[in-house]
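# Results of the structural survey
Here's the letter readout for the chains.
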Amino acid sequence: MSRTSGPPSPGAAAVDAPCPVCGTVVTGHGPDRRFNPDRRSDHSLTLVLISEMATEVQRFERKHTTTIIGRTEGDIRFPDDQFLSPVHSKLSWEEGRLEVRDLGSRNGTWVFLEAPYRLMEGDVILIGSQVLRFRRLGYPGPHTADADATKRMGSMVPSADIASLTQLRSDGSSRDVIQLSPGRDVHIGRERGDWIFPYDPSMSAQHAMVRSEDADFVLVDDHSRNGVAVAARGAMALQHGSRIMVGDKLLRVELPGGGWAAESGGPAGI
């Protein structure tokens, strides 16, 4: 209640207001009311370093609007990580939500999927230790008729190929390619699926699926052990429990009170 206002009139709706001391907003009135942190004032977060055995190694408590991660510079440094660039990535609070950006690193900043993700032109994804690039091909145009009206022989295919996934080597060159077409789902795994990588021990037997939805393709983690990640391009929203990988370091995001869902699109959902 304002110090300059009188008591509320009977039947008037109560107005939620932040506490003048801590900034906490009291939502609702009565025994079921909830306390929600004021998104504009609480910039606390914890980054938890996770080992290959999924155990906690180290915790980094942050109470700043921006956190820089790098090998030799930044707020959190991993000087022994040769896959980490000197200045690698940035986490920042923007209009009440936590975002991550890659800062032009050599190996990218990876955000692990928490829900199906609609692939966009140029997306780079990580499945096991395989780095794959998604490309749009467009619909093929009509073939011109041969001069003597003889039909051409060719491979029977499910339908027109309109996109592709390309396996990338460490030098950026291409290796294997799988074509994507409408109405056809593609399963990827170490032992089972349409695209198999038997030499990748970090990949689950059945790891991921690229699901066809009309002319779009949606990437789904198929209950894998190590997850599926997308390389950050621009700002990507994070929430409590999100996982990111920088260099060879896996970090889990923890927010006060369990955090809140991200308000913008990204790996948290299509």
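Residues numbered from 1 in each chain as written. Predicted model: local features only at pLDDT ≥ 70, side-chain atom pairs only at ≥ 80, totals over all residues. Heavy atoms only, no water.

## Regarding the sheet that holds strand S13 (residues 163-168)
Taken in spatial order, the 10 strands make up an open sheet running S4-S3-S22-S21-S9-S19-S11-S12-S13-S14, and their pairing is antiparallel. Both outer strands of the open sheet, strand S4 (56-62) and strand S14 (174-180), are each paired with one neighbouring strand and no more. Put simply, the sheet's adjacent strands are angled 30° from each other on average, direction ignored. Alignment of strand S9 (residues 109-112) against strand S19 (residues 228-231), held across three bridges, turns out to be antiparallel. Across the sheet, residue Trp110 finds its bridge partner in S19, namely Ala231. (Pairing = 2+ DSSP bridges. Helix = DSSP H or I, 4+ residues; strand = E, 2+ residues; numbered from the N terminus. Axes fitted to C-alpha atoms, helices over the stretch in contact; angles between N-to-C directions.)

## Looking at the sheet that holds strand S18 (residues 216-221)
A sheet is described by the order of its strands in space; here five strands give the open sequence S10-S18-S17-S15-S16, paired in mixed fashion. Whereas interior strands pair on both sides, the edge strands pair on one side only; in this sheet they are strand S10 (117-118) and strand S16 (195-196). With three bridges connecting them, strand S15 (residues 186-189) and strand S17 (residues 208-213) associate as antiparallel partners. Within S17, the position partnered with Val186 by the bridge is Val210.

## Points about unusual backbone geometry
At Glu95, a position not held by glycine, the phi torsion is positive, near 55°. Its place among the elements puts Glu95 in the loop between strand S7 (89-94) and strand S8 (97-102). Looking at Glu95, the relative accessible area reads 73%, which means it is exposed. In this structure, Asp214 takes a positive phi of about 60° despite not being glycine. Position of Asp214 among the secondary structure elements: in the loop between S17 and S18. Here Asp214 falls in the exposed class, since its relative accessible area comes to 69%. (Buried < 20%, exposed > 50% of the residue type's maximum accessible area, 1.4 Å probe, protein only.)

## Some remarks on the packing of aromatic side chains
Across all of its chains, the model carries four aromatic pairs by this definition. Between Phe60 and Phe78, the ring centres sit 5.8 Å apart and the planes meet at 85°, which makes this aromatic pair edge-to-face. Of this pair, Phe60 sits in strand S4 while Phe78 sits in the loop between strand S6 (76-77) and S7, and the two are 18 residues apart along the sequence. What makes Phe60 buried here is its relative accessible area of 15%. Counting every residue linked through ring pairs, the aromatic cluster contains Trp195, Phe197 and Tyr199. (Phe/Tyr/Trp six-rings, centres within 6.5 Å; stacked < 30°, edge-to-face > 60°.)

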